[in-house]
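Understanding the architecture of this molecule
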Amino acid sequence: GNVKIKSWASFLALRGYAQGFQMVGTIGNTACHTNFINREDFKMGYLENILSKRKLRIGLRAGHSPNCLGAIGLRNEHYTMKTYYQYVKECFEYYGHTVIDCNSNASTERAEVYEGINKANANNVDIFISLHMNSFNGQAHGVECLVASGSRVWNIAENICKEYAKLGFYNRGVKVGNQWEMRDLNAPNIILETCFCDSEKDINIWSPCPYEKLTKA
């Protein structure tokens, strides 16, 4: 059946948000609904200001690399996010935004992160998004976003967490991070920790059809 993509298609179909109305489009059999940031939430912010002139340049990566895997629990973080990456990329491109592939095949954490940072900076992206799954002790669960202190996209990160919470994930909220991305990316960035890959509670929400269920906000 049709898959409703809200949390990502909605996220940056920002012309619709800025005007405070709902846009609906389709990608094949995928319905893209854009209705979770209203005019009062958004006002004339960083991204809306750009969108008043042109579409966005978005740096996007699936966390880690095939040669430097991230968390492994009930799901393999990198390979799960690589699949999710394709869904996210397709939605952004449907709305006319340019997606810069910031993925890496590097074999160390620093190398794979900085390959993404360097690609994003070289292409003058407006925002950088890194897709991840968390892992801790099998008991921690929920969605959270990491941003830099004083981030210009804090409100976007908050809305992503709210949309995931509607699916049943515990909303851990937006936190200030000090990762390499926060220090060396020119553009504001969001590290999205979609859920905990070692949490049965989270994976029971994500599965058995994770991409469909995730996007039916």
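The coordinates are above.
The rules behind these values
Residues numbered from 1 in each chain as written. Predicted model: local features only at pLDDT ≥ 70, side-chain atom pairs only at ≥ 80, totals over all residues. Heavy atoms only, no water. Helix = DSSP H or I, 4+ residues; strand = E, 2+ residues; numbered from the N terminus. Buried < 20%, exposed > 50% of the residue type's maximum accessible area, 1.4 Å probe, protein only. Contact = heavy atoms within 4.5 Å. Salt bridge = Lys/Arg side-chain N within 4 Å of Asp/Glu carboxyl O. Expected span 1.5 Å × (residues − 1). 1 Å grid on protein atoms, 1.4 Å probe; cavity = no way out; pocket = protein on both sides within 12 Å on 5 of 7 lines; lining within 4 Å. Points joined across faces, edges and corners; volume = space filled by probe spheres on them. Nonpolar A, V, L, I, M, F, W, Y, C, P; charged D, E, K, R; others polar. Pairing = 2+ DSSP bridges. Axes fitted to C-alpha atoms, helices over the stretch in contact; angles between N-to-C directions. Phe/Tyr/Trp six-rings, centres within 6.5 Å; stacked < 30°, edge-to-face > 60°. Lys NZ or Arg CZ within 6 Å of the ring centre and 35° of its normal. Patch = residues over 30% accessible without salt bridge, like charges linked within 9 Å, V, L, I, M, F, W, Y side chains within 5 Å. Areas by Shrake-Rupley, 256 points an atom, 1.4 Å probe, with all protein chains shown as cover.

1. Some remarks on the overall build of the chain
Looking only at helices and strands, the chain features 10 helices and 9 strands. By residue count, 55% of the 217 residues in the chain fall in the buried class. When contacts within the chain are restricted to residue pairs at least 6 apart in sequence, those whose partners lie at least 24 apart make up 76%.

2. Quick word on the pattern of salt bridges
Enumeration over the complete set of coordinates arrives at 8 salt bridges. Measuring nitrogen to oxygen at the nearest pair gives 2.1 Å for the salt bridge that ties arginine 61 to glutamate 112. Of the two residues, arginine 61 is situated in strand E4 (residues 57-62) and glutamate 112 in helix H6 (residues 109-122); the sequence distance between them amounts to 51 residues. For arginine 61, a relative accessible area of 1% gives the class buried.

3. Considering H6
Here H6 spans 20 Å end to end across 14 residues, near enough to the 20 Å set by a 1.5 Å rise per residue. All of the buried residues along H6 are Glu112, Val113, Tyr114, Gly116, Ile117, Ala120 and Asn121. Residues of H6 that are buried make contact with E4, strand E6 (127-134) and helix H8 (180-184). The positive-phi residue at the C-terminal boundary of H6 is asparagine 124, with phi of around 50 degrees.

4. Considerations on the layout of surface pockets
Sizing a probe to match a water molecule and rolling it over the atoms shows the empty space that remains. Empty space within the largest pocket amounts to approximately 180 Å³. Along its surface, the largest pocket is lined by Arg61, His64, Glu109, Glu112, Val113, His132, Leu146, Gln179, Trp180, Glu181, Ile191 and Glu193. At the level of secondary structure, the elements contributing two or more residues to the lining of the largest pocket comprise H6, H8 and strand E9 (189-196). In terms of residue count, H6 provides more of the lining of the largest pocket than any other element does, 3 residues in total. Of the residues assigned to the lining of the largest pocket, the class counts are 4 nonpolar, 3 polar and 5 charged.

5. Topic: the sheet that holds strand E8 (residues 171-176)
What holds strands together in a sheet is hydrogen bonding between their backbones, with the strands either parallel or antiparallel. Strand order in the open sheet formed by 6 strands is E5-E4-E6-E9-E7-E8, and the pairing between neighbours is mixed. Lying at the two open borders of the sheet, with one neighbouring strand each, are strand E5 (98-101) and E8. Between one strand and the next, the sheet's axes are offset by a mean angle of 20 degrees, whatever the strand orientation. Alignment of E6 against E9, held across 6 bridges, turns out to be parallel. Paired with phenylalanine 128 across the two strands is asparagine 189, which belongs to E9.

6. Comments concerning the packing of aromatic side chains
One pass over the structure, following the stated rule, counts 4 aromatic pairs. Relative to tyrosine 95, the ring of tyrosine 94 has its centre 4.9 Å away and its plane inclined at 90 degrees; by these criteria the two rings are edge-to-face. Using a relative accessible area of 38% as the deciding quantity, one classes tyrosine 94 as partly exposed. Taking the relative accessible area as the measure of exposure, tyrosine 95 reaches 8% and is therefore buried. Centroid distance tyrosine 164 to phenylalanine 169: 6.0 Å. Interplanar angle 45 degrees. Geometry classified as tilted. In terms of burial, tyrosine 164 and phenylalanine 169 fall into one category: buried. Between lysine 82 and the ring centre of tyrosine 85, over which it is positioned, the NZ or CZ distance is 6.0 Å. The ring of tyrosine 46 has arginine 152 lying over it, and the distance from NZ or CZ to the ring centre is 4.3 Å.

7. As for a nonpolar patch on the surface
Taken together, the side chains of Leu69, Ile72 and Tyr79 make up a nonpolar region of the molecular surface, amounting to roughly 300 Å² of accessible area. By the element assignment, isoleucine 72 lies in the loop between E4 and helix H5 (77-94). A relative accessible area of 55% means that isoleucine 72 is categorised as exposed.

8. Remarks on the side chain of glutamate 181
Relative to the assigned elements, glutamate 181 resides in helix H8. Using a relative accessible area of 5% as the deciding quantity, one classes glutamate 181 as buried.

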